[in-house]
Amino acid sequence: MSDRMVLHVKGRVLAGPEDVRDELWAVDGRITYERPPGEALTLTGWALPGLVDAHCHVGLDQHGPVPDEVSEKQALTDREAGTLLIRDAGSPSDTRWIDDREDLPKIIRAGRHIARTRRYIRNYAHEIEPGDLVAYVAREARRGDGWVKLVGDWIDRDAGDLAACWPRGEVEAAIAEAHRLGARVTAHCFAEDSLRDLVEAGIDCIEHATGLTEDTIPLFAERGVAIVPTLVNIATFPHMADGGEAKFPQWAAHMRRLHARRYDTVRSAYDAGVPVFVGTDAGGSLAHGLVAAEVAELVTAGIPALDALSATTWGARAWLGRPALEEGAPADLVLYDQDPRTDVRVLATPSRVVLRGRVVG
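Thresholds applied
- Residues numbered from 1 in each chain as written.
- Predicted model: local features only at pLDDT ≥ 70, side-chain atom pairs only at ≥ 80, totals over all residues.
- Heavy atoms only, no water.
- Pairing = 2+ DSSP bridges.
- Helix = DSSP H or I, 4+ residues; strand = E, 2+ residues; numbered from the N terminus.
- Axes fitted to C-alpha atoms, helices over the stretch in contact; angles between N-to-C directions.
- Parallel < 35°, antiparallel > 145°, perpendicular 65-115°, else oblique.
- Contact = heavy atoms within 4.5 Å.
- Nonpolar A, V, L, I, M, F, W, Y, C, P; charged D, E, K, R; others polar.
- Core = buried A, V, L, I, M, F, W, Y, C linked by side-chain atoms within 4.5 Å.
- Buried < 20%, exposed > 50% of the residue type's maximum accessible area, 1.4 Å probe, protein only.
- Phe/Tyr/Trp six-rings, centres within 6.5 Å; stacked < 30°, edge-to-face > 60°.
- Lys NZ or Arg CZ within 6 Å of the ring centre and 35° of its normal.

Draft legend 1. Spotlight on the sheet that holds strand 9 (residues 106-109). A sheet is described by the order of its strands in space; here 3 strands give the open sequence 5-8-9, paired in parallel fashion. Each edge of the open sheet carries a strand with a single partner, namely strand 5 (51-56) and strand 9. Each strand of the sheet is rotated relative to its neighbour by a mean of 20 degrees, with strand direction disregarded. With 4 bridges joining them, strand 5 and strand 8 (residues 83-88) adopt parallel strand pairing. Following the sheet pairing, cysteine 56 is matched in strand 8 by aspartate 88.

Draft legend 2. Structural detail: the packing of helix 7 (residues 237-244) against helix 8 (residues 249-260). The interhelical angle for the contact between helix 7 and helix 8, taken along N-to-C directions, is 170 degrees, at an axis separation of 8 Å. Here helix 7 lies roughly antiparallel to helix 8, going by the angle between them. Mapping the contact onto sequence places Phe237, Pro238, Met240, Ala241, Asp242 and Gly244 in helix 7 and Pro249, Trp251, Ala252, Met255, Arg256, Leu258 and His259 in helix 8. A class-by-class count of the residues in the contact of helix 7 with helix 8 yields 9 nonpolar, 2 polar and 2 charged.

Draft legend 3. The arrangement of the nonpolar core in detail. Residues Leu133, Leu150, Ile203, Ile206, Phe220 and Leu298 are the most contacted members of the largest nonpolar core, which totals 78 residues. Excluding its chain neighbours within four sequence positions, the residues that come into contact with leucine 150 are Ile114, Leu133, Val137, Trp166, Val171, Val185, Thr186, Ala187 and His188. Of all hydrophobic cores here, the second largest spans 16 residues; its members include Ala26, Leu43, Ala47 and Leu333.

Draft legend 4. Region of interest: the packing of aromatic side chains. Evaluated as defined, the whole model comprises 6 aromatic pairs. Where tyrosine 120 meets tyrosine 124, the ring centres are 6.0 Å apart and the plane angle is 75 degrees; that geometry is what we call edge-to-face. The same class applies to tyrosine 120 as to tyrosine 124, namely buried. The ring of tryptophan 147 carries the charged tip of arginine 87 above its face, separated from the ring centre by 4.6 Å. The positively charged end of arginine 262 is found above the aromatic ring belonging to tyrosine 263, 4.2 Å away from the centroid.

The following block contains the structure:
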(Lines give C-alpha, C1' and ligand atoms only; values in the text may rest on other atoms or scores of the structure.)
Protein backbone atom coordinates (compact mmCIF):
# COMPACT_ATOMS: atom_id res chain seq x y z
CA MET A 1 0.00 0.00 0.00
CA SER A 2 2.91 2.37 0.59
CA ASP A 3 3.61 2.92 -3.10
CA ARG A 4 0.13 4.31 -3.76
CA MET A 5 -0.25 7.94 -4.75
CA VAL A 6 -2.74 9.52 -2.31
CA LEU A 7 -4.03 13.09 -2.31
CA HIS A 8 -6.35 14.57 0.30
CA VAL A 9 -8.53 17.57 -0.61
CA LYS A 10 -10.05 19.31 2.38
CA GLY A 11 -12.32 22.33 2.63
CA ARG A 12 -15.43 22.61 0.49
CA VAL A 13 -15.71 20.05 -2.28
CA LEU A 14 -18.36 21.22 -4.76
CA ALA A 15 -19.37 17.78 -6.00
CA GLY A 16 -22.59 19.16 -7.49
CA PRO A 17 -24.70 22.31 -7.50
CA GLU A 18 -26.35 21.20 -4.24
CA ASP A 19 -23.79 18.59 -3.16
CA VAL A 20 -21.07 20.14 -1.00
CA ARG A 21 -18.73 17.89 0.94
CA ASP A 22 -15.90 18.46 3.39
CA GLU A 23 -13.20 16.34 1.80
CA LEU A 24 -12.24 13.80 -0.81
CA TRP A 25 -9.22 11.65 -1.59
CA ALA A 26 -7.53 10.76 -4.84
CA VAL A 27 -6.00 7.30 -4.77
CA ASP A 28 -3.97 6.27 -7.81
CA GLY A 29 -5.71 8.96 -9.86
CA ARG A 30 -9.29 8.10 -8.85
CA ILE A 31 -11.67 9.90 -6.51
CA THR A 32 -12.94 8.31 -3.32
CA TYR A 33 -14.90 9.71 -0.41
CA GLU A 34 -13.73 6.91 1.90
CA ARG A 35 -10.59 7.71 3.86
CA PRO A 36 -7.76 5.41 2.72
CA PRO A 37 -5.10 4.15 5.14
CA GLY A 38 -1.69 5.77 5.27
CA GLU A 39 -0.37 9.25 4.64
CA ALA A 40 -1.55 11.69 1.98
CA LEU A 41 -0.61 15.06 0.57
CA THR A 42 -3.28 17.51 1.79
CA LEU A 43 -4.59 20.45 -0.23
CA THR A 44 -7.18 22.92 1.02
CA GLY A 45 -9.70 25.22 -0.62
CA TRP A 46 -12.88 25.20 -2.67
CA ALA A 47 -12.74 22.33 -5.17
CA LEU A 48 -14.57 22.15 -8.51
CA PRO A 49 -14.47 19.46 -11.19
CA GLY A 50 -11.92 20.22 -13.89
CA LEU A 51 -13.40 22.97 -16.03
CA VAL A 52 -14.83 22.28 -19.49
CA ASP A 53 -14.19 24.36 -22.60
CA ALA A 54 -16.83 23.04 -24.97
CA HIS A 55 -15.63 25.02 -27.99
CA CYS A 56 -11.86 25.01 -28.25
CA HIS A 57 -9.46 24.29 -31.12
CA VAL A 58 -6.25 22.55 -30.10
CA GLY A 59 -4.00 22.15 -33.14
CA LEU A 60 -5.24 25.24 -34.94
CA ASP A 61 -4.27 28.88 -35.22
CA GLN A 62 -5.47 31.72 -37.44
CA HIS A 63 -3.57 30.29 -40.42
CA GLY A 64 -4.55 26.62 -40.11
CA PRO A 65 -2.93 23.51 -38.60
CA VAL A 66 0.02 23.94 -36.24
CA PRO A 67 3.00 21.75 -35.25
CA ASP A 68 2.69 19.41 -32.29
CA GLU A 69 4.80 21.65 -30.07
CA VAL A 70 2.30 24.49 -30.59
CA SER A 71 -0.63 22.16 -29.86
CA GLU A 72 1.15 21.14 -26.67
CA LYS A 73 1.55 24.77 -25.61
CA GLN A 74 -2.14 25.43 -26.31
CA ALA A 75 -3.20 22.45 -24.21
CA LEU A 76 -0.88 23.46 -21.37
CA THR A 77 -2.27 27.00 -21.40
CA ASP A 78 -5.79 25.62 -21.06
CA ARG A 79 -4.66 23.30 -18.28
CA GLU A 80 -3.13 26.16 -16.29
CA ALA A 81 -6.49 27.96 -16.51
CA GLY A 82 -8.18 24.90 -14.98
CA THR A 83 -9.61 23.51 -18.23
CA LEU A 84 -9.16 19.75 -17.98
CA LEU A 85 -11.79 18.63 -20.51
CA ILE A 86 -11.97 20.11 -24.01
CA ARG A 87 -14.52 19.55 -26.74
CA ASP A 88 -12.39 20.38 -29.76
CA ALA A 89 -14.94 21.86 -32.14
CA GLY A 90 -13.00 21.22 -35.33
CA SER A 91 -9.29 20.95 -36.07
CA PRO A 92 -7.25 20.01 -39.14
CA SER A 93 -4.44 18.64 -36.94
CA ASP A 94 -4.16 15.10 -35.62
CA THR A 95 -3.96 15.59 -31.85
CA ARG A 96 -4.52 12.00 -30.77
CA TRP A 97 -1.00 11.84 -29.39
CA ILE A 98 -2.29 14.09 -26.58
CA ASP A 99 -4.37 11.14 -25.32
CA ASP A 100 -1.13 9.41 -24.32
CA ARG A 101 0.00 12.34 -22.17
CA GLU A 102 -1.04 12.05 -18.54
CA ASP A 103 -0.20 15.74 -18.00
CA LEU A 104 -2.53 17.19 -20.66
CA PRO A 105 -6.30 17.74 -20.70
CA LYS A 106 -8.60 15.17 -22.24
CA ILE A 107 -9.97 16.13 -25.65
CA ILE A 108 -13.29 15.14 -27.21
CA ARG A 109 -12.78 15.71 -30.92
CA ALA A 110 -15.22 16.66 -33.66
CA GLY A 111 -12.83 15.85 -36.51
CA ARG A 112 -12.24 18.54 -39.08
CA HIS A 113 -14.73 21.31 -39.92
CA ILE A 114 -16.95 20.60 -42.92
CA ALA A 115 -17.67 23.75 -44.93
CA ARG A 116 -19.05 24.82 -48.28
CA THR A 117 -16.47 25.58 -50.97
CA ARG A 118 -14.85 29.01 -50.39
CA ARG A 119 -17.28 29.65 -47.54
CA TYR A 120 -14.99 29.45 -44.52
CA ILE A 121 -11.54 30.37 -43.23
CA ARG A 122 -8.78 29.13 -45.51
CA ASN A 123 -6.91 25.96 -44.43
CA TYR A 124 -9.43 25.09 -41.71
CA ALA A 125 -12.07 22.86 -43.25
CA HIS A 126 -12.95 20.23 -45.78
CA GLU A 127 -14.49 22.51 -48.42
CA ILE A 128 -17.12 20.57 -50.34
CA GLU A 129 -20.41 20.85 -52.19
CA PRO A 130 -23.76 19.62 -50.81
CA GLY A 131 -23.73 16.35 -52.76
CA ASP A 132 -20.67 15.23 -50.78
CA LEU A 133 -21.94 16.25 -47.35
CA VAL A 134 -23.19 12.84 -46.18
CA ALA A 135 -19.93 11.13 -47.12
CA TYR A 136 -17.77 13.71 -45.36
CA VAL A 137 -19.96 13.69 -42.26
CA ALA A 138 -19.61 9.90 -42.11
CA ARG A 139 -15.84 10.23 -42.47
CA GLU A 140 -15.51 12.75 -39.64
CA ALA A 141 -17.95 10.84 -37.45
CA ARG A 142 -15.58 7.87 -37.66
CA ARG A 143 -12.51 10.06 -37.01
CA GLY A 144 -13.93 12.05 -34.11
CA ASP A 145 -14.91 11.23 -30.56
CA GLY A 146 -18.66 11.33 -30.95
CA TRP A 147 -19.08 14.76 -32.59
CA VAL A 148 -19.09 16.25 -36.10
CA LYS A 149 -18.71 19.98 -36.85
CA LEU A 150 -20.47 21.71 -39.75
CA VAL A 151 -20.13 25.31 -40.86
CA GLY A 152 -23.80 26.22 -41.00
CA ASP A 153 -23.45 29.74 -42.35
CA TRP A 154 -20.76 32.12 -43.61
CA ILE A 155 -20.48 35.18 -45.75
CA ASP A 156 -21.82 34.73 -49.27
CA ARG A 157 -19.67 37.06 -51.37
CA ASP A 158 -22.30 37.41 -54.06
CA ALA A 159 -25.00 38.38 -51.55
CA GLY A 160 -22.60 40.43 -49.46
CA ASP A 161 -23.96 39.01 -46.21
CA LEU A 162 -24.14 35.89 -44.06
CA ALA A 163 -26.10 33.06 -45.67
CA ALA A 164 -26.91 29.42 -44.96
CA CYS A 165 -24.45 26.95 -46.48
CA TRP A 166 -26.49 23.76 -46.92
CA PRO A 167 -29.84 22.80 -48.47
CA ARG A 168 -32.33 21.28 -46.04
CA GLY A 169 -32.42 17.84 -47.66
CA GLU A 170 -28.67 17.31 -47.60
CA VAL A 171 -28.37 18.46 -44.00
CA GLU A 172 -31.16 16.10 -42.90
CA ALA A 173 -29.43 13.15 -44.57
CA ALA A 174 -26.03 14.09 -43.15
CA ILE A 175 -27.27 14.46 -39.56
CA ALA A 176 -29.15 11.17 -39.83
CA GLU A 177 -25.94 9.48 -40.99
CA ALA A 178 -23.96 10.94 -38.09
CA HIS A 179 -26.57 9.73 -35.63
CA ARG A 180 -26.55 6.28 -37.24
CA LEU A 181 -22.81 6.18 -36.59
CA GLY A 182 -23.25 7.25 -32.97
CA ALA A 183 -22.05 10.85 -33.35
CA ARG A 184 -23.72 14.12 -32.44
CA VAL A 185 -23.61 17.10 -34.79
CA THR A 186 -22.93 20.75 -34.09
CA ALA A 187 -22.69 23.73 -36.42
CA HIS A 188 -21.11 27.15 -36.53
CA CYS A 189 -23.94 29.66 -36.99
CA PHE A 190 -23.78 33.42 -36.68
CA ALA A 191 -26.95 34.45 -38.52
CA GLU A 192 -30.64 33.70 -38.34
CA ASP A 193 -31.38 31.94 -41.63
CA SER A 194 -29.86 28.48 -41.13
CA LEU A 195 -31.14 27.78 -37.61
CA ARG A 196 -34.63 26.42 -38.21
CA ASP A 197 -33.53 23.99 -40.92
CA LEU A 198 -30.67 22.69 -38.80
CA VAL A 199 -32.78 22.18 -35.70
CA GLU A 200 -35.66 20.57 -37.57
CA ALA A 201 -33.10 18.34 -39.30
CA GLY A 202 -32.10 17.00 -35.88
CA ILE A 203 -28.90 18.85 -35.01
CA ASP A 204 -27.68 18.50 -31.42
CA CYS A 205 -25.93 21.81 -30.79
CA ILE A 206 -25.27 25.22 -32.31
CA GLU A 207 -22.05 27.17 -31.80
CA HIS A 208 -22.27 30.96 -31.28
CA ALA A 209 -26.04 31.07 -31.95
CA THR A 210 -26.08 34.86 -32.22
CA GLY A 211 -28.93 34.63 -34.72
CA LEU A 212 -31.45 33.19 -32.26
CA THR A 213 -34.76 35.07 -32.25
CA GLU A 214 -38.10 34.85 -30.48
CA ASP A 215 -39.21 32.59 -33.35
CA THR A 216 -36.41 30.03 -33.08
CA ILE A 217 -35.65 30.03 -29.33
CA PRO A 218 -38.82 28.01 -28.52
CA LEU A 219 -37.84 25.47 -31.17
CA PHE A 220 -34.41 25.02 -29.58
CA ALA A 221 -36.01 24.59 -26.17
CA GLU A 222 -38.58 22.09 -27.44
CA ARG A 223 -35.93 19.96 -29.18
CA GLY A 224 -33.34 20.29 -26.38
CA VAL A 225 -30.74 21.72 -28.76
CA ALA A 226 -27.82 23.18 -26.79
CA ILE A 227 -25.94 26.37 -27.55
CA VAL A 228 -22.33 27.31 -26.86
CA PRO A 229 -22.39 31.13 -27.17
CA THR A 230 -18.61 31.84 -27.14
CA LEU A 231 -19.24 35.39 -25.95
CA VAL A 232 -15.53 36.15 -25.68
CA ASN A 233 -15.41 35.56 -29.42
CA ILE A 234 -18.60 37.48 -30.18
CA ALA A 235 -16.91 40.46 -28.52
CA THR A 236 -14.67 40.66 -31.62
CA PHE A 237 -17.59 41.24 -34.04
CA PRO A 238 -17.23 45.05 -34.15
CA HIS A 239 -13.54 44.72 -35.05
CA MET A 240 -14.39 42.17 -37.73
CA ALA A 241 -17.09 44.47 -39.08
CA ASP A 242 -14.69 47.39 -39.25
CA GLY A 243 -12.25 45.30 -41.27
CA GLY A 244 -14.84 44.17 -43.82
CA GLU A 245 -17.10 47.18 -44.09
CA ALA A 246 -15.58 48.67 -47.22
CA LYS A 247 -16.16 45.50 -49.22
CA PHE A 248 -19.23 44.06 -47.49
CA PRO A 249 -21.20 46.85 -45.77
CA GLN A 250 -24.37 44.77 -45.41
CA TRP A 251 -22.43 41.99 -43.67
CA ALA A 252 -20.67 44.50 -41.41
CA ALA A 253 -23.97 46.04 -40.31
CA HIS A 254 -25.39 42.57 -39.67
CA MET A 255 -22.41 41.60 -37.49
CA ARG A 256 -22.80 44.76 -35.43
CA ARG A 257 -26.50 44.04 -34.85
CA LEU A 258 -25.74 40.48 -33.73
CA HIS A 259 -23.10 41.82 -31.36
CA ALA A 260 -25.36 44.52 -29.92
CA ARG A 261 -28.02 42.04 -28.84
CA ARG A 262 -25.68 39.20 -27.80
CA TYR A 263 -26.46 39.32 -24.08
CA ASP A 264 -30.21 39.55 -24.63
CA THR A 265 -30.00 36.59 -27.03
CA VAL A 266 -28.20 34.37 -24.51
CA ARG A 267 -30.42 35.36 -21.60
CA SER A 268 -33.59 34.79 -23.63
CA ALA A 269 -32.36 31.33 -24.62
CA TYR A 270 -31.50 30.50 -21.01
CA ASP A 271 -34.88 31.77 -19.76
CA ALA A 272 -36.64 29.55 -22.32
CA GLY A 273 -34.80 26.45 -21.07
CA VAL A 274 -32.23 26.10 -23.84
CA PRO A 275 -29.12 24.31 -22.49
CA VAL A 276 -26.17 26.74 -22.46
CA PHE A 277 -22.53 25.63 -22.12
CA VAL A 278 -19.17 27.37 -21.86
CA GLY A 279 -16.87 27.59 -24.87
CA THR A 280 -14.18 30.12 -25.78
CA ASP A 281 -13.43 29.43 -29.48
CA ALA A 282 -9.74 29.48 -28.57
CA GLY A 283 -7.24 28.48 -31.21
CA GLY A 284 -8.32 30.58 -34.17
CA SER A 285 -7.65 34.23 -33.53
CA LEU A 286 -8.37 33.93 -29.79
CA ALA A 287 -5.89 32.95 -27.10
CA HIS A 288 -6.25 29.79 -25.05
CA GLY A 289 -6.99 29.88 -21.35
CA LEU A 290 -10.07 32.14 -21.49
CA VAL A 291 -12.56 29.83 -19.79
CA ALA A 292 -12.95 32.06 -16.70
CA ALA A 293 -13.65 35.08 -18.90
CA GLU A 294 -16.39 33.18 -20.74
CA VAL A 295 -18.09 32.15 -17.49
CA ALA A 296 -18.01 35.79 -16.39
CA GLU A 297 -19.58 36.79 -19.72
CA LEU A 298 -22.47 34.37 -19.15
CA VAL A 299 -23.08 36.01 -15.78
CA THR A 300 -22.97 39.44 -17.44
CA ALA A 301 -25.62 38.17 -19.86
CA GLY A 302 -27.87 37.44 -16.89
CA ILE A 303 -27.32 33.74 -16.24
CA PRO A 304 -27.19 33.04 -12.47
CA ALA A 305 -23.69 32.36 -11.16
CA LEU A 306 -24.40 28.76 -10.11
CA ASP A 307 -25.80 27.90 -13.54
CA ALA A 308 -22.86 29.61 -15.26
CA LEU A 309 -20.54 27.47 -13.12
CA SER A 310 -22.49 24.37 -14.05
CA ALA A 311 -22.08 25.28 -17.71
CA THR A 312 -18.34 24.66 -17.33
CA THR A 313 -18.43 21.94 -14.63
CA TRP A 314 -21.17 19.54 -13.56
CA GLY A 315 -23.67 20.27 -16.32
CA ALA A 316 -21.10 20.43 -19.09
CA ARG A 317 -19.53 17.14 -18.05
CA ALA A 318 -22.91 15.41 -17.91
CA TRP A 319 -23.77 16.76 -21.38
CA LEU A 320 -20.49 15.40 -22.76
CA GLY A 321 -20.89 12.07 -20.98
CA ARG A 322 -17.93 12.54 -18.65
CA PRO A 323 -17.95 12.26 -14.84
CA ALA A 324 -17.44 15.12 -12.40
CA LEU A 325 -16.38 14.45 -8.78
CA GLU A 326 -18.26 11.23 -8.15
CA GLU A 327 -16.83 8.13 -6.51
CA GLY A 328 -14.35 6.36 -8.80
CA ALA A 329 -14.11 9.19 -11.34
CA PRO A 330 -10.73 10.40 -12.58
CA ALA A 331 -9.34 12.87 -10.04
CA ASP A 332 -9.48 15.95 -12.29
CA LEU A 333 -10.23 19.00 -10.18
CA VAL A 334 -9.34 22.63 -9.58
CA LEU A 335 -8.95 24.37 -6.23
CA TYR A 336 -9.56 28.01 -5.38
CA ASP A 337 -8.84 30.15 -2.34
CA GLN A 338 -12.36 31.63 -2.41
CA ASP A 339 -15.83 30.32 -3.13
CA PRO A 340 -16.46 30.54 -6.91
CA ARG A 341 -20.21 30.40 -6.28
CA THR A 342 -20.00 33.82 -4.65
CA ASP A 343 -17.97 35.41 -7.45
CA VAL A 344 -17.22 33.49 -10.66
CA ARG A 345 -14.22 35.75 -11.30
CA VAL A 346 -12.42 33.53 -8.78
CA LEU A 347 -12.09 31.02 -11.63
CA ALA A 348 -9.34 33.17 -13.15
CA THR A 349 -6.97 32.42 -10.25
CA PRO A 350 -6.87 28.70 -9.43
CA SER A 351 -4.64 27.86 -6.48
CA ARG A 352 -4.05 24.25 -7.56
CA VAL A 353 -4.81 22.17 -10.64
CA VAL A 354 -5.05 18.42 -10.15
CA LEU A 355 -5.06 16.13 -13.17
CA ARG A 356 -5.50 12.37 -12.73
CA GLY A 357 -4.64 12.77 -9.07
CA ARG A 358 -1.41 14.68 -9.64
CA VAL A 359 -0.83 18.33 -8.85
CA VAL A 360 0.14 19.87 -12.20
CA GLY A 361 -0.42 23.54 -11.55
